[in-house]
Amino acid sequence: AVGCGRDGARRNGKGDAAANQAAQQVALRLYEQLVSDNEGSGKAKLTLARLYENTGDLKKASALYTETLQANANSTAALRGLARIAEAEKRLPDAIGYWQQLGKAVRAGDAPWYESTYEIARLTQAMGKKKESCDQLQQLKPAMPGLSDADLRKKLDELYKQACG
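So, here's what we can say about the structure. (Residues numbered from 1 in each chain as written. Predicted model: local features only at pLDDT ≥ 70, side-chain atom pairs only at ≥ 80, totals over all residues. Heavy atoms only, no water.)

Per the counting criterion, the structure on display carries 1 disulfide. A sulfur-sulfur separation of 2.1 Å characterises the disulfide bridge that pairs Cys 134 with Cys 164. Residues Cys 134 and Cys 164 are joined through a disulfide that is right-handed, its torsion about the S-S bond being 125 degrees. Here Cys 164 lies in helix H9 (residues 150-164) and Cys 134 lies in helix H8 (residues 130-140), a separation of 30 residues in the sequence. Its relative accessible area of 10% is what places Cys 134 among the buried residues. (Disulfide = S-S within 2.5 Å. Helix = DSSP H or I, 4+ residues; strand = E, 2+ residues; numbered from the N terminus. Buried < 20%, exposed > 50% of the residue type's maximum accessible area, 1.4 Å probe, protein only.)

As structure tokens, then:
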């Protein structure tokens, strides 16, 4: 089932959106059966939640992410998912709250910590609080040498130019 989702994502990357959607629907049905058959493992529930999210069923995705979070308050996958859903639903303060919770659940200086800090600053700027976003990014700057993810470093630098430039 994971292969179906990955195959769909690969096809989508090549511009075959219809094949991506079909592959995601197959994976979705398989994971729904897997989760219902044996109450599903945490990983299966997270995969199903992500499939629901990718296919636009945000209510079902949110319910599974919330269930996962109730079982494990530090689930970074569930917190990311809930943050993405809150942003998609234009609930930016809620999205920031989930990213803040994720940032507290991981070790400062690790990749998810940088990711959460970036997302908080990006959403803060999206809410029209450019100075506050700039302040957040300036506090992050001294820690930047520890960031090994080149893509995230580039996104942080671009956001810094937008918010502080």
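What follows deals with the pattern of salt bridges. Side chains bearing opposite charge may pair, as long as their charged atoms lie close to each other. What the rule picks out here adds up to 11 salt bridges. Measuring nitrogen to oxygen at the nearest pair gives 2.5 Å for the salt bridge that ties Glu 67 to Lys 45. In this pair, Glu 67 is assigned in helix H4 (residues 58-71) and Lys 45 in helix H3 (residues 42-54), connecting sequence segments 22 residues apart. Here Glu 67 falls in the partly exposed class, since its relative accessible area comes to 34%. Among the salt bridges present, the one from Asp 94 reaches Arg 91, with a minimum N-O distance of 2.7 Å. Ionic contacts of the salt-bridge type, sharing partners, join the residues Glu 87, Glu 119 and Arg 122 into one network. (Salt bridge = Lys/Arg side-chain N within 4 Å of Asp/Glu carboxyl O.)

Time to look at H8. Residues Ser 133, Cys 134, Leu 137 and Leu 140 constitute the buried set of H8. The buried residues of H8 occupy one face: seen down the axis, they fall within an arc of 115 degrees. Opposite the packed face of H8, turned more than 90 degrees from it, sit the exposed residues Lys 131 and Gln 139. Among the structural elements, helix H7 (111-126) and H9 are those in contact with the buried residues of H8. (Arc of directions from axis to C-beta. Contact = heavy atoms within 4.5 Å.)

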